[in-house]
Amino acid sequence: MLRIDLTHADTEPLDFSERPVIPPAAGGEDVVSVDPVELSGHVERADRGFLLEGRVAGHARLRCGRCLTEFDFSFAEPVELHLLPVATAPQDDEKRLGRGDLEVRFFAEPVVDLTELAAEQFGLAVPMKPLCADSCRGICPTCGANLNLGACSCPPPDQDDRLAPLAEWRPSE
Ligand SMILES: [Zn+2]
Ligand SMILES: [Zn+2]
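Residues numbered from 1 in each chain as written. Chains lettered and ligands numbered in written order. Predicted model: local features only at pLDDT ≥ 70, side-chain atom pairs only at ≥ 80, totals over all residues.

**Considering the overall build of the protein chain**
Regarding its fold elements, the protein chain presents two helices and eight strands. Along its sequence from the N terminus, the protein chain presents helices and strands in the succession β-β-β-β-β-β-β-β-α-α. Counting only contacts in the protein chain whose residues sit at least 6 apart along the sequence, the fraction spanning at least 24 positions is 58%. (Helix = DSSP H or I, 4+ residues; strand = E, 2+ residues; numbered from the N terminus. Contact = placed C-beta atoms within 7 Å.)

Dropping the structure here:
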């Protein structure tokens, strides 16, 4: 049931639990691979539309934005959407149908594509600049060595000519 027919939730809540396969690119260019995403929850009638509440979780391989090595990434996020027929969309931008932080979506057809939803939520879960660790030292800009594995033989960047005046401030002891 990768596409939920919302009309089936007209009379009673509809549970779903799927593992859609999504393309790594859904999370951006730093995603190497992604396992099928776990997407579960339920849909129920709310106001003039439907309320979708659930959870998205999974595992992926990302490439570190600093040292370029691959690392495992796990995510688990709540999903909450208020789905309304497009006919109820506000005609002017000032009118807000949202309640609190609840995200509102308008649909032309009463269908939710769980693969699309999983891909979109995965894209939100992946950091803009993934890091293997906050303390990642990155790569040497000169020789390209991964500095997490140890110092390279290049002169340390703090002996850069531009910083030479600062070096004079060091205690000479
Ligand atoms: Zn790194
Ligand atoms: Zn180096």
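From this point, the narrative continues.
**Description of the pairing of strand β5 (residues 49–63)**
Here strand β3 (residues 31–34) runs beside β5; their pairing, made up of three bridges, is antiparallel. In the strand pairing of β5, S33 is matched with R61. Note: strand β4 (residues 38–46) against β5, nine bridges, orientation antiparallel. Note on β5: the bridge partner recorded for R45 is F50. Linking two consecutive strands that pair antiparallel, namely β5 and strand β6 (residues 70–85), is a turn of six residues; a positive phi of about 70° is found at L68 within it. (Pairing = 2+ DSSP bridges.)

**Digging into the nonpolar core**
A general feature of soluble globular proteins is that nonpolar side chains tend to end up buried together. Membership of the largest hydrophobic core comes to 23 residues, with the highest contact counts inside it found for L6, V43, V112 and A118. Breaking this core down by element, the ones donating at least two residues are β3, β4, β5, β6 and α1 (114–125). Counting residues per element, this core draws most heavily on β5, which supplies five residues. Filtering out sequence-adjacent residues up to four positions away, A118 remains in contact with P20, I22, V37, L39 and V56. (Core = buried A, V, L, I, M, F, W, Y, C linked by C-beta atoms within 7 Å. Buried ≥ 20, exposed ≤ 12 C-beta atoms within 10 Å, placed from the backbone.)

**A closer look at the environment of A60**
Position of A60 relative to the elements: it lies in strand β5. Separated by 26 residues in sequence, A60 and V34 place their C-alpha atoms 4.1 Å apart.

**Thoughts on the pairing of β6**
As judged from the 14 bridges shared by β5 and β6, these two strands associate in the antiparallel manner. The residue of β6 that forms the bridge with V56 is E77. Sheet analysis places β6 next to strand β7 (residues 103–107), joined by five bridges and oriented parallel. From the neighbouring strand, L81 faces β7, where its bridge partner is E103.

**Considering unusual backbone geometry**
Positive phi, normally seen in glycine, also occurs at D47, with a value near 50°. Despite not being glycine, L68 has its phi angle at roughly 70°, a positive value.

**So, α1**
With 12 residues, α1 extends 16 Å between its outermost C-alpha atoms, agreeing within 8% with the 16 Å of an ideal straight helix rising 1.5 Å per residue. Buried within α1 we find L114, L117, A118, Q121 and F122. Around the axis of α1, the buried residues are gathered within 135° of arc, so they sit on the same side. (Expected span 1.5 Å × (residues − 1). Arc of directions from axis to C-beta.)

**Thoughts on the environment of A57**
By the element assignment, A57 lies in strand β5. Judged by local crowding, A57 falls into the partly exposed class, with 17 C-beta atoms found within 10 Å. Considered as a pair, A57 and R19 are 38 residues apart in the sequence and their alpha carbons are 9.6 Å apart. Once you skip the residues sitting within four places of it in the chain, A57 turns out to touch E38, F75 and A76.

**Some thoughts on the confidence of the model for the protein chain**
Caution applies to low-pLDDT parts of the model: their predicted coordinates are not meant to be read in detail. Scored by pLDDT, the protein chain has a mean of 87; 83% of the residues are at 70 or more. The secondary-structure element of the protein chain with the lowest mean pLDDT is helix α2 (residues 164–167), recorded at 54, while β3 shows the highest, at 98. (pLDDT = per-residue confidence, 0-100.)

**Observations concerning the environment of C136**
For C136, the location among the structural elements is in the loop between α1 and α2. A residue is classified by how many C-beta atoms lie within 10 Å of it, and C136, with 18 of them, is partly exposed. Considered as a pair, C136 and G65 are 71 residues apart in the sequence and their alpha carbons are 9.5 Å apart. Residue contacts for C136: discarding those within four places in its chain leaves C64, R66, C67, L131 and N148.

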